[in-house]
Amino acid sequence: MKTGKLLIFGAAALLTACSAAYEGNDAFQVTPLKDILAPIRVGAAIDNWTLQNEQNMELFSRHFNSATCENSMKPIETERNEGEFTFDTPDKVTDFVLGNKDAVMRGHCLIWHSQCPSWLTEDSTLVFQRMKEHIFAVMNHYKGKVYCWDVVNEAIDDGPGFLRNSQWTRCAGQHFIDSAFVYAHQADPDALLFYNDYGLNNPQKREKCYQLVKGMLERGIPVHGIGMQGHYNVTMDYSTVDESLTRFEELGVLIQFTELDIAGGGPDRRSMRRQMGQDRPNGTQGQQQDQMAAFGGYSGNGGLQMPELTDEQKMHQDSLVTEAYRKFFTVVKKHRKSIHTITFWGLSDNYSWLNSRSRQNAPFLFDGEYKAKNAYFAVRELWNNRK
């Protein structure tokens, strides 16, 4: 009985200390993240939901100087039906972003196997014409406003193959990537063009990406950078990120982290499918399940339960996320001369794709109440020590 009371008292004391650490740490008052990490640009994925909340807009304006539309620039959103373009939402987002001093807009994305209208790849005799017309229309619309584009997204195979077996390879063949970059450069010669993918810290996928971009450069294809998405979690080995950066630096192209978040306490079903063996190359399903079990989230037989976390579990989650961000930014600091931009795939913990159909993953540096988290202060402390 005494032991139980001591445990409860200890947890309560820890919660009080953790809460006290957040007191006065208003995200709108602490040092802007973009100032801490300068000259690296700091971006966020935003969209129409951002513009409907004054606090979200204020948070972006204070801490970020780059933005990516989370969904509204993807092909299914801009040209659901052939020749019928919809730019209302991305136009509003772009206008908001460029209304902020020194802020820039990234384009995401032009060619992807997902969120792609079926008409784009249903006819092999028309696929390149349709690809070119889509790329030209979208890029011309944003010429002078969007400075870089994820031209092709997630085309590398997660398994033994080189390119993903997608509707693009089936309809257009293996060279659709080259064509997309050529068309993009023709549409806007001033835009920076990126190949973007997840799991690029996986040694096998890293090497495929290296060979893909190396081959494009040798063929004279206008590719300017690699986008490492960065959907990471608290159990992965961040030395693999270090190794990927070292390898990609050999190519002499720009490197951006384009979709950064760190899942705390295990990702939901969708991210487990995406990350298993990719963003956690040295992990195993058993290790992932052990991590989930620590938060009461693994039910066995491949099923996931998503209960609300207790205060003690939230504190544990916070410590794991903080340490993961410390490890990640230690790697970033080592390679800071090579990294152009770090874009978080959201603004704060109150909205993240990781939280769909699951509990809070707390993947960012600001919490759901617009407070700077311990992870923010860990990054600030690390970066202020310039050694």
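An account of the accompanying structure is given in this report.

Description of the overall build of the protein chain
Looking only at helices and strands, the protein chain has 15 helices and eleven strands in total. Here the protein chain holds 387 residues, and the buried ones make up 57% of them. Restricting to contacts in the protein chain with at least 6 residues of sequence separation, those with at least 24 account for 78%. Just so you have it, the protein chain exposes about 16,100 Å², and 49% of that area is on carbon and sulfur atoms.

Quick notes on helix 9 (residues 176–187)
Along its twelve residues, helix 9 runs 16 Å from first to last C-alpha, staying within 8% of the 16 Å computed at 1.5 Å per residue. For helix 9, the buried fraction is high: nine of the twelve residues fall into the buried class. Among the residues of helix 9, Phe176, Ile177, Asp178, Ser179, Ala180, Phe181, Tyr183, Ala184 and Ala187 are the ones counted as buried.

Let's talk about empty space enclosed by the protein
Under the defined criterion, the tally for this structure stands at one cavity of 30 Å³ or more. In this structure, the largest cavity spans a volume of roughly 50 Å³. The wall of the largest cavity is formed by Ile111, Trp112, His113, Val152, Asn153, Glu154, Ala155, Arg164, Ser166, Trp168 and Phe176. Looking at the lining of the largest cavity, the elements with two or more residues in it are strand 3 (104–112) and strand 4 (146–153). Of the residues contributing to the lining of the largest cavity, the split by class is six nonpolar, three polar and two charged.

Describing the nonpolar core
One broad rule of soluble globular proteins: the nonpolar side chains tend to lie buried together. By size, the foremost hydrophobic cluster in this structure holds 99 residues, and its most contacted members are Tyr325, Phe329 and Phe344. Core analysis: the second largest hydrophobic core is formed by five residues, Ala45, Ala263, Trp353 and Leu354 among them.

Rules of the game
- Residues numbered from 1 in each chain as written.
- Predicted model: local features only at pLDDT ≥ 70, side-chain atom pairs only at ≥ 80, totals over all residues.
- Heavy atoms only, no water.
- Helix = DSSP H or I, 4+ residues; strand = E, 2+ residues; numbered from the N terminus.
- Buried < 20%, exposed > 50% of the residue type's maximum accessible area, 1.4 Å probe, protein only.
- Contact = heavy atoms within 4.5 Å.
- Areas by Shrake-Rupley, 256 points an atom, 1.4 Å probe, with all protein chains shown as cover.
- Expected span 1.5 Å × (residues − 1).
- 1 Å grid on protein atoms, 1.4 Å probe; cavity = no way out; pocket = protein on both sides within 12 Å on 5 of 7 lines; lining within 4 Å.
- Points joined across faces, edges and corners; volume = space filled by probe spheres on them.
- Nonpolar A, V, L, I, M, F, W, Y, C, P; charged D, E, K, R; others polar.
- Core = buried A, V, L, I, M, F, W, Y, C linked by side-chain atoms within 4.5 Å.

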